[in-house]
Amino acid sequence: MPGAEGETPLHVKVIERKVILLENQIQDLKYRLISNERKAAEEKRRKLDSKFKQKFKQQRLPAWQPILTADTVLPAFFLIGLLFVPLGAALLFFSRSVQELQLDYTECLSINHTLANGDARLCRDVIKDNPAELCICRENFTVHESFEKNVYLYYGLDNFYQNHRRYVKSRDDKQLLGRDDTTVSNDCNPFATDSEGRVYAPCGAIANSMFNDTLRLFEVQESGSTELNLLKTGIAWPSDRKIKFNNPPGPLNASGAFKNNVKPLYWTKNVYDLDPDDPNNNGYKNEDLIVWMRSAAFPTFRKLYRRIDHNMTGFKFGLHIGTYYLEVEYRYPVDSFGGKKRMILSTTSFLGGKNNFLGIAYITVGCICLLLGIIFLIIHIKFGKRAVDQLNINQNTPYSD
Amino acid sequence: MNGKSGGGGYGDDGAYAYAHSHGGIGGASGVGGERRVHARSISHGGIMISREPPMLDQGMGGTLPQGVGGMSGGGGVGGGRGHQRTFSHGQLVEGGRGHKRVMSKTDFILPAGYEEREKEREQQQKKTLSRTTSFPKGHSRQASRSESIYTIRQNKRTLLQKILFWKKVPEENRTRVVVANHVVPPHVPRNEHPNGAYPDNSICTTKYTFLSFLPKNLFEQFHRFANLYFLFIVLLNFVPAVNAFGKEVAMLPLVFVLGITAIKDAFEDRRRYLSDSRVNNATCRVYSRDEGRYVKKKWKDVRVGDIMHLSCNEIIPADLVVLNSSDEYGICFIESSNLDGESNLKQRQSVKGLAVDDKFEVKKFDYMMEIGAPSTKIYHFTGSIPLQSGERVPLTKDNLLLRDCTLRNTDYIEGIVVYAGRETKAMLNNGGTRYKRSKLEKRMNVEVIWCVVILFIMCLISATGSGLWQNYYEVNATIGLVPFIPPSNEVKSLRALQLSNNSIWVGFISFWTFVIIYQVIIPISLYVTIEVIKLMQIYHIHCDKDFKDKKSGKTIECRALNIPEELGQVEYVFTDKTGTLTENNMVFQCCSINGTDYTHTPVINKNQNSDERDTFTLNNQLQEELASIELPLIYAQPGSRQNPTTLCPPKDSPSERIMDFFFTLAACNTVVVAKYPHRDAMNASGMIVPNESANSSSINVVDTSSNTTTTSIGSSSWGPNRVLRGFLSFSRPLSPIASSPHSTPPHTPEALPRYAAPTTLTANYDQSSTSVSITLNPISQSNGLENVRICDLESQPNSSPLRPSLLNIQAAQIYNPNFTRDSRSPTPSPMDITPIYEAESPDELALVDAAYKYGFRLLRRTLHNILISLPGYGLCEYEVLHVLPFDSNRKMMSIIVCHPDTQEKILYCKGADSAILDRLNRGVDDKTKFRIFRTQQHLNSFSKKGLRVLCMAKRVLTDTEYKDWTMKHKEAENSLSNRDHKLQESYSRIEKNLNLIGATGIEDRLQDGVPETIQALRNAGIVVWVLTGDKQETAINIAYSCALFVPNMEILKLNARTKDQAERTIQFYLRQIEQEEEVRQRAQMQGTAQGNGAEASNGARMEFSAVNDNNRRQNGPSEQRGLVVDGRTLVYILDRRANLKKPFLTLAGKCSAALCCRATPLQKSLIVRSAKDDLKVLTLAVGDGANDVSMIQTADVGVGISGVEGRQAVMASDYAIARFRHLEKLLLVHGHWCYDRLSRIILYFFYKNASFVLILLCYQLYNGFSGSSMIDQMYLMVFNLLFTSIPPILVGIYDKDAPAEVLLAQPRLYVQGREGRLYKPHSFWVNILDAVYQSIVLFFFSAVLHEDSNTGMYQFGMTVTHACLIAQSLHIAIETKSWTVILVFGLVLSFIMFYGFGVLYTMTCVACLGEPSQYGELAYALRSPLHWLTIILTATLAVLPRFVVRAVICSMSPDDITQALIDNKGSQQKDFMVSWSRSTSDSSVYRPNCTEETGDEASEPFSSLVTTTTVITTTTDEAEV
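Let me sum up the structure you'll find in this document. (Residues numbered from 1 in each chain as written. Chains lettered and ligands numbered in written order. Predicted model: local features only at pLDDT ≥ 70, side-chain atom pairs only at ≥ 80, totals over all residues. Heavy atoms only, no water.)

## Comments concerning the overall build of chain A
- Helix and strand counts for chain A come out as nine helices and 13 strands.
- For chain A, whose C-alpha radius of gyration is 38 Å, the value lies well above the compact-globule estimate of 21 Å for 401 residues.
- By its C-alpha atoms, chain A is 130 × 100 × 50 Å across when sized along the principal axes.
- Counting all 401 residues of chain A, 45% fall into the buried class.
- When contacts within chain A are restricted to residue pairs at least 6 apart in sequence, long-range pairs at least 24 apart make up 77% of them.
- Separation of charge centres in chain A, based on 52 positive and 45 negative side chains, amounts to 10 Å. (Helix = DSSP H or I, 4+ residues; strand = E, 2+ residues; numbered from the N terminus. Rg over C-alpha atoms; globule rule 2.2 N^0.38 Å. Buried < 20%, exposed > 50% of the residue type's maximum accessible area, 1.4 Å probe, protein only. Contact = heavy atoms within 4.5 Å. Lys, Arg positive; Asp, Glu negative; His and termini not counted. Charge placed at Lys NZ, Arg CZ, Asp CG, Glu CD.)

This is how it looks when you write it as structure tokens:
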């Protein structure tokens, strides 16, 4: 190599090359090591996998075979008992803390209609004679124990089969979504269209039979009565209000969003007149409508009507002791199905309304479990021995006789 | 070739050149014969001519080679001899002569009264009979074929297809014409092609095509009643007044079920498709006109008219007519086990009479064939080939090779395809799987009907409620309308409005609504679920490694998919003996000659993996005696055979009898000798491989002679050959029956030259021979007939060393291992060396094997000759004059041969001892009598060892006697009426006055684990019956050795010879048992044990042995009796007129085991049927052979042993196992599990659906019975399908109430399934009651919690659904016996499904299904504490009772299984094993004191068998103490 002298000397080159080679080898070894490890791990996994597969195929997977003998179930019963009894007690406590006031106003006396003899007429007779007649009535009630904060006003109906098959079906969710205002589902029949073919808004029997009494609360004070501020919103499920119910596009009036529609047969006002004050609570988005459209599970039900506005002076901490009266614009007929109308004022716990049964049931079941636990303890002591005896016999067991 | 050989004028074909004693074969014939290296061991010929219709006779006469003609003339001496080994059925019958097989059934067995009952079956059999006489011959145990079964099924299917699918099934009764494709000019369009109309060979067994799948599958599914019911519900939903749900939603469950089933069907169909395409793409060789040779082609491309070439062991791709075979007579053999399960070989022959020289050339084959339309009849084929001369060559089924059969014992064949693809008989007979309905399923169907009743009641209640509710408004409301309810329809008039609100009308309408709503109570998913569960159960049974038999590599095969739970409920097991309990691997073990007993020690083949048969060591004494016979022969006149009479041992001497004995073993049978594996010169792609043809193929020997390599090798091997030749010609080997492998054979000076042979020779054979004892015998060394032929030719006086240079090549090929091995064939295996015997029955094989080991080697068998190598004689060719085949009436077979030297006609006879002993020569001297007596003693001792015994006898016929008989026999054969009977008479005329030669005992070893298995089955409370055709003594012994009978068992024997006797005996036994039971009861009451007696009734031969009372009580009341019935008695019992069945079954019911000996296949199935019908028990039949098929099919569960006897039993069975011992795990573990799982799951399903529906019913109280449901319709529909179906399915597949070890260790646990303890009539109601309770708890607790609240309907529904899901999950958790990952996963999955579905459905779908929207319901519910508190409370309370009851039962009085588990668990915890280690005793034959019994044993052979019991023979008076 003649030309090599000018550059790096040959032996250095050789060494360099050797170093490179060694490095390569090291790299190679490392790589091999890693790949071997990986391979081994993979192999292991595959083996494990196939082992599982094999065990699965042969039905030899490790199994836990509990035998429900007295001794094994004992702890379960005691555990359930010990859990349920305190839970029940707690529930009972919470349920007791809920305050509730119910007022049946079905037989409410009208203040603006009188009989011939001057006695006040029953509002239900008034509207029976003339459904269009506005009948206002009042019912006094006294709050003996102040309600804690967040008092809700419900109306309750009895014997109203909102869960009847044909009733439940008689609605059109698409219409309530505000999608289409010219056609509705056949389910709404015969409350789908009027005789001229115009679509009811909203259609169907549910909407048609919407509760339309107006309830107002007044506090009787020496200075006269003051109306309690009731909040119309926040009574429906947020998900319903946000998604399930939407108004058709356009201004909420007869020529706008609902230009093709007419008001339902039994309604006195149009759907866009439900709450003229608050456009967000009007039309299909009206929370009263939304609440009504959620069919109740049982023929006796209550529905949230209003929230008491605790920003009012004097109601900051709830509903204080005092005398109140309920003023009703009595429109809703319940006679035909033998129903009753109630006004309910209630606070809530985390369980909802007043519900003593739950706590009692929990305590009862807990007690039963404890009792069963004790019984099984006896069984275990009496019968469990036999099995143990059998097991203890081995070659070393001496013969007893 | 035969033309040349005919010059010799001997009328013998080349193949007959071995006839040493006849000599006289021309050299030319030798050359000619050389071409047929592989001479067929069966030849035909003469028979054909005399048999076939005259027209054929002419045709053949003109064309057949002279040699064959001559032979046929020679055959004429024998007249109608047909040594047709296997399958020559039709031939024989059509000709109206020959040995028509007397059916092994029934003539005397079948009671006349039975006939009506089995009429159809009988007719089928008769039909089969009239078509074929293919009943296997010899000692075959196969009795009937199943063609009729296939045929019936197929007919049904086509009928169905015709009606249902309007598919035009071609009703083609005309003949069709087939021409060879190579004569048709190429590029003829399909529609003008003469064969164009016929389908190609691709097959399609799939049910569906891609397009037809949906409609066809739906159509089939709606054949099911359940699906129709659901369809009705769906349709009901479309009635506007009635509809309860959205129309689309209501279809969901049905669609789901249909979909699952469709997926299953599609999956199965795909498997079929894959197997189809595998078959379709297999290759075969088809003659190509363009290339002028055979080319490789796929099966599916084969067309009608193609000419194919097939080699040995190839599967036949289409139905072919054989045109040419490697055999010089055009014979070939097929094995049709794929088709009909028969493993024996069937003979077929090529079409004769087409060409003048009969040399087949593909190119010249330009005939037109007229053949019949395709039919399902496997053994029926007609057709003809018109010749130019105007004659017609008929085609029969003997020319037809069927698709899916295997070519055997033939080098190659060439044939023309006549039916292809779906028109082949194999495809036309392709039947589907069988459908059986299990006991559990029947029970379930009853419950489903109850569900319908419940449904009806519920609907009625609800409808009434609905009407009443409506009525309330009718009365109270003003206009009779419910104010807030819209009228159901758009009503125009008030009248209609009023009607629509009329209470009765409303009630009526709502009835139908409720039918829809409550439909779930009839579990729609149950059927599909159970199907899935069973499928998976079967899969896991299939996967079980324990069912794999290492030896054969076979594993379990589950053919019936829908009765796994039946395995857990078996009450009676009926088992065949031979091949099922035993190996069906016969080993020669004992023989008695001259009244001397020679015993052999069996060498059991321990190597599980090898295929070798068990063998035995030779008896030294017998060897010495044989040597003493032959030594004088060899030394007296070495090499000289001119004076044959002097060679014979003295007449009637012991040594002659020894010779005769072995000769009978070797000759008197139907064994076929296949010499070596077959080779074909053509390779797979149709090319002729020259190298191979040089080796051993017969194609081009002359060509190879010019091959230099060959010649050089030939010359180089001249030396050894010469040595060999000299050796063979002029000396006899000293001791062909060399001693046992360990002792060195005696050498004589003559033997020494052998060691001069090249070492390759010796080394080669040392390595490869199976038995060392035959190593040094030159004949066995060569063993190819080529070599024998060489020897013969060499020993011809006028054979010059110049001539047969070719022979040397042959020799070289044989002796030079390098040369012999070609690339294709593996190194010579032992099979290359010893002749391959092919026999129908293993006992024949064992006998021939035994004779072979003693030097009596059957080397070749043809129709008229037997070539046998005899020690001391060398090769002898005997002329076979007659074969009187075996039938089960005579129980014997005979062969009449003509002794080559003395020309004596001798009848050799082999048969059952009873048959032979009855026909012995009466007038004999005392010495002979003593000999017979000794032999009888030996026979008894043999049978006591459980051996199958056979007797050999001989009779020398005088010429006149023989001639007389021949004449009469011929008459009998030719008689048209009553031929069977006449033949029988004819047989009995000649088979008399026999001289006893000796007897043999063949051991049929028990399979491994048989006693343990039977013991386990009996411990499980299963009654085991063994049904066998064996004789009583043998059967009883086997019964003892396989633990069917235990020593302290009473054996009740029923051997009646008249009906009255049978009745008396049965009544006697019944009385006896009654008394015994009374006595025992009394004794138990008195606390004293009382002896018991028995009485021997007059007439009936019976032994009533009472066992000690103490013994008995330990075993329980019915444990200690065993019943033995023989076939003759069964005739009377099964005769309907005798009314004996009932008492017999009562008697049998008192016995824990029964043994039927001498039973025919029909009797077997009759017994099974009577047990099934009269005792109302669940029966299982196990068998391995064709004779068990009817039994297997009759039983509720048929199990086939996939053993050595072909697949017919397997084909008929529901489960096929490899060994009998697998039955134990199959029943005790898998059966138990399957029953346990399924019954629990079915009950769970009823509960599940009922509880869900009842919740809906409860809700009706709150909604005016309007039919509304608080659960959303989607949830309602998917709840059962998605949320709660996975855990039960998984439990149904994987749950185990006890581990396999425990179940195997304690067979008594099987009682749970046997008595159906889990699924009793009341269990359904218990579960329904539980459902009622649970639904009440679930509903009303929630209702109380939600009443008078602002809870929405669906919100409430969500709570109830969730609670219901939890309750049902807890319920299944309680029902789950063992928790595995899978089951936990299943439970978790069902919850994931619930929440997942909820999220999907209630979060995304606002108004999508046209139903009240569920938006946000789930989220709201899950956020509500009340929801959670409610579901926890209600679900806990709902399952509490079940949990408590379960726990109480488990701890107070646990059932057997729980107890076993507790024990097992305890033992594991305490770390010692409870003694469930199973006895691992060897399955050696049990011999109850059978050492050496002599004396009066012969007359009363079995009286002392039950040795451990005390035989008390008392009078009735004494017994009544």
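## Looking at the sheet that holds strand β29 (residues 1023-1027) of chain B
- The strand order across the open sheet formed by nine strands is β14-β35-β34-β33-β15-β29-β32-β31-β30 (chain B), and the pairing between neighbours is mixed. Strand pairing shows two members of the sheet lacking a second neighbour, β14 (557-558) and β30 (1050-1054) of chain B, which therefore form its edges. (Pairing = 2+ DSSP bridges.)

## Some details on the packing of aromatic side chains
- Inspection of every chain in the model, using the stated rule, returns 69 aromatic pairs over all chains.
- Ring geometry for B:Trp450 against B:Trp1325: centres 5.1 Å apart, planes inclined by 75°, an arrangement best described as edge-to-face. One end of the pair, B:Trp450, is in helix α13 (residues 439-476); the other, B:Trp1325, is in helix α49 (residues 1321-1346), with 875 residues separating them in the sequence.
- Taking relative accessible area as the criterion, B:Trp450 reaches 38% and is therefore assigned partly exposed.
- Using a relative accessible area of 36% as the deciding quantity, one classes B:Trp1325 as partly exposed.
- Taking 6.1 Å as the distance between ring centres and 25° as the angle between the ring planes, the aromatic pair formed by B:Tyr572 and B:Phe574 counts as stacked. B:Phe574 shares its class with B:Tyr572; the two are buried.
- An aromatic cluster of at least three residues, connected via ring pairs, comprises A:Tyr155, A:Phe160, A:Tyr167, A:Phe211, A:Trp292, A:Phe301, A:Tyr305, A:Tyr332 and A:Phe337.
- For the cation-ring pair, A:Arg306 lies above A:Tyr305, with the distance from its terminal atom to the ring centre recorded as 4.0 Å.
- Over the ring of B:Tyr852 we find B:Arg857, and its NZ or CZ is 5.0 Å from the ring centre. (Phe/Tyr/Trp six-rings, centres within 6.5 Å; stacked < 30°, edge-to-face > 60°. Lys NZ or Arg CZ within 6 Å of the ring centre and 35° of its normal.)

## So, the packing of helix α10 (residues 225-236) of chain B against helix α11 (residues 247-280) of chain B
Residue and element names in this part refer to chain B.
- Two elements in contact, α10 and α11, have axes whose closest approach is 9 Å; the angle formed by their N-to-C orientations is 155°. When the axes of α10 and α11 are compared, the pair comes out roughly antiparallel. The interaxial crossing formed by α10 with α11 has left-handed handedness. Facing α10, whose interface residues are Asn227, Phe230, Leu231 and Val234, α11 presents Ala250, Met251, Leu254, Val257 and Leu258. (Axes fitted to C-alpha atoms, helices over the stretch in contact; angles between N-to-C directions. Parallel < 35°, antiparallel > 145°, perpendicular 65-115°, else oblique. Left-handed = near helix turned anticlockwise from the far one by under 90°.)

## Some words on the side chain of A:Asn247
All names here are of chain A.
- Counting through the fold element by element, Asn247 comes out in the loop between α7 (238-244) and β10 (261-262).
- In this structure the side chain of Asn247 is engaged in a polar contact, spanning 3.0 Å, whose partner is the backbone oxygen of Asn282.
- Within the local environment of Asn247, its side chain forms a polar contact with the backbone nitrogen of Tyr284, the two atoms lying 2.6 Å apart.
- Ignoring any residue separated from it by four or fewer positions in sequence, one finds Asn247 in contact with Gly178, Leu252, Phe258, Asn282, Gly283, Tyr284 and Lys285. (Polar contact = N/O pair within 3.5 Å; in protein donor to acceptor, adjacent residues only side chain to side chain.)

## Some points on the state of the cysteines
- One pass over the structure, following the stated rule, counts three disulfides over all chains.
- Two residues, A:Cys108 and A:Cys137, share a disulfide whose sulfurs are 1.8 Å apart. With the S-S bond torsion at 125°, the cross-link from A:Cys108 to A:Cys137 turns out right-handed. Placement of the pair is A:Cys108 in the loop between β1 (100-104) and β2 (109-114) and A:Cys137 in strand β4 (residues 135-143), with a sequence separation of 29 residues.
- Owing to a relative accessible area of 0%, A:Cys108 belongs among the buried residues under this scheme.
- Note that A:Cys123 is cross-linked by a disulfide to A:Cys135, the S-S spacing being 1.8 Å. Because the sign of the S-S torsion sets the handedness, a value of about -85° for the bond joining A:Cys123 and A:Cys135 places this disulfide among the left-handed ones. Of this pair, A:Cys123 sits in helix α3 (residues 123-129) while A:Cys135 sits in strand β4, and the two are twelve residues apart along the sequence.
- For A:Cys123, a relative accessible area of 0% puts it in the buried group.
- Each disulfide of chain A joins two cysteines, and with those cysteines numbered along the sequence the arrangement is 1-4, 2-3, 5-6.
- Looking at B:Cys451, it has no disulfide partner, and the nearest cysteine sulfur is the one in B:Cys459, 12 Å off. (Disulfide = S-S within 2.5 Å.)

## Quick notes on the interface of chain B and chain A
- Contacts between chain B and chain A engage 101 residues on the former and 87 residues on the latter.
- The contact between chain B and chain A buries some 8000 Å² in all, and 64% of this surface belongs to carbon and sulfur atoms.
- Applying the counting criterion to the chain B and chain A interface returns four salt bridges.
- Residue B:Asp1348 is joined to A:Arg302 by a salt bridge in which the shortest nitrogen-to-oxygen separation is 3.3 Å.
- Seen at the junction of chain B and chain A, the total is 25 residue pairs in polar contact (both at pLDDT 80 or more). (Buried area = accessible area lost by both parts, 1.4 Å probe. Salt bridge = Lys/Arg side-chain N within 4 Å of Asp/Glu carboxyl O.)

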